[in-house]
Amino acid sequence: MSAIEIDVELDRLSPVPLYFQLEQALEQAIVSGRLQPGDRIENEVDLAKRLNMSRPTARQAIQSLVDKGLLVRKRGVGTQVVRNEVHRAVELTSLYEDLADVGRMPTTELLDYRLGPAEDEIADELGIEPGASIVEMRRLRLADDEPIAILTNYLPADFAPAPDELRQKGLYQGLRSRGITIQLARQRIGARLAEGDESRLLNEDAGCAVLTMQRVAFDEMGKAVELGRHVYRSSLYFFDVSVQSR
């Protein structure tokens, strides 16, 4: 199988290092599906020659993707794409829409849907009275039939999407159809070991490491709309964060 050449536009006047520009271009090709698992890419010598950059610069970009688990070097074969993981920028978007945007097929298994009174902690996060009516929903989100995340959300009952609606589309889509737009969110990302049935649902070994995120989302009036407590499969999923100096 011949190596696949990916079009890469480099801005040599940018303060962003060339190796990082190349790394991002190759990573986007993998995430978008232009490069599939098993595809072989150019080696660092050919990349450097084609893109008019130094060999160490090309090597650094490839090694970074190897370290991320997106590429693997095989003796006698070359550099190949491995699993197409889910990369998610830390932005105010829904997982359903993020998966669809990168060409993955999102599906949802509704695990639980309950109407009941808000406990004190949940009420405090949502800014409502304790005992107010809320919906607690728990969903398994899959990408191309592969389990990715367990999503638990709490919403005031007045505008919570119905169970059938949640099976067909994302939560934020359901909220927008009710005239509710998420404008701001406060979220905390962490990690822990899987608990209860999480390993089984995510198709991982018992006690596996998982990523976690808690998010409280607010509408344009500053009113809390939903509280999410999510668990992500760390072997197939990670968050991307861009930082810059002050």
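The following paragraphs examine the structure supplied in this document. Predicted model, so just to flag it, every value in this text is computed and none were measured. All residue numbers refer to positions counted from 1 along the written sequence of the respective chain. Where local features are concerned, this predicted model is filtered to residues with pLDDT of at least 70; where side-chain atom pairs are given and counted, the filter is 80 or more; whole-chain, interface and lining totals use all residues. Each side-chain value is derived from all of the structure's non-hydrogen atoms; neither hydrogens nor water enter the calculation.

1. Observations concerning the pattern of salt bridges
- A carboxyl oxygen of Asp or Glu within 4 Å of a side-chain nitrogen of Lys or Arg is what we treat as a salt bridge. Taken as a whole and judged by the stated rule, the model has 18 salt bridges.
- A salt bridge links Arg 192 to Glu 195, with the nearest nitrogen and oxygen atoms 3.8 Å apart.
- Throughout this description, buried means an accessible area under 20% of the type-specific maximum (1.4 Å probe, protein chains only), exposed means over 50%, and partly exposed covers the range between. Overall, the relative accessible area of 27% leaves Arg 192 in the partly exposed class.
- Taking relative accessible area as the criterion, Glu 195 reaches 49% and is therefore assigned partly exposed.

2. Focus: the packing of helix α2 (residues 44-51) against helix α3 (residues 55-67)
- Taken N-terminus to C-terminus, the directions of α2 and α3 make an angle of 120°; their axes are 8 Å apart at the nearest point. Taken as axis vectors, α2 and α3 run oblique relative to one another. Crossing of α2 against α3: the hand is right-handed. Residues Glu 44, Val 45, Leu 47 and Ala 48 of α2 pack against Arg 55, Ala 58, Arg 59 and Ile 62 of α3.
- Across the contact of α2 with α3, the residue classes break down as 5 nonpolar, no polar and 3 charged. Every axis in this analysis is a line fitted to C-alpha atoms, fitted for helices over the stretch in contact. Angles between the N-to-C directions lie between 0 and 180 degrees. Only DSSP runs of H or I covering at least 4 residues are called helices, and only runs of E covering at least 2 are called strands; the numbering of each starts at the N terminus. Our angle categories are set so that under 35 degrees counts as roughly parallel, over 145 as roughly antiparallel, 65 to 115 as roughly perpendicular, and the remainder as oblique. In this scheme the crossing of two helices becomes right-handed for a clockwise turn of the near helix relative to the far one and left-handed for an anticlockwise turn of less than a right angle. Any pair of residues with heavy atoms lying within 4.5 Å of one another is described as a contacting pair. In this classification, Asp, Glu, Lys and Arg are treated as charged, Ala, Val, Leu, Ile, Met, Phe, Trp, Tyr, Cys and Pro as nonpolar, and every other residue, Gly included, as polar.

3. Some points on α2
- Every buried residue of α2 is listed here: Glu 44, Leu 47, Ala 48 and Leu 51. Projected down its long axis, α2 shows its buried positions confined to an angular sector of 95°, all on one face.
- On its buried face, α2 is in contact with α1 (18-32), α3 and β2 (71-74).
- A 3.5 Å cut-off defines polar contacts: any pair of N or O atoms within that distance qualifies, except that in protein one atom must be a possible hydrogen donor and the other a possible acceptor, and neighbouring residues in sequence count only when both atoms are side-chain atoms. Measuring from the backbone nitrogen of Val 45 back to the side-chain oxygen at the start of α2 gives 3.1 Å, which picks out Asn 43 as the cap.
- Positive phi shows up at Asn 52, right after α2, with a value of about 55°. The arc in question is the one traced by the directions running from the helix axis out to the C-beta atoms.

4. What to know about the packing of aromatic side chains
- Stacked, edge-to-face and tilted labels apply to pairs of Phe, Tyr and Trp rings (six-membered ring for Trp) whose centres lie within 6.5 Å, assigned for plane angles under 30 degrees, over 60, and everything in between, in that order. Overall, the coordinates contain 1 aromatic pair when judged by the stated rule.
- Between the aromatic rings of Tyr 19 and Phe 20, the centroid separation amounts to 6.4 Å while the plane-to-plane angle is 75°, which identifies the pairing as edge-to-face.

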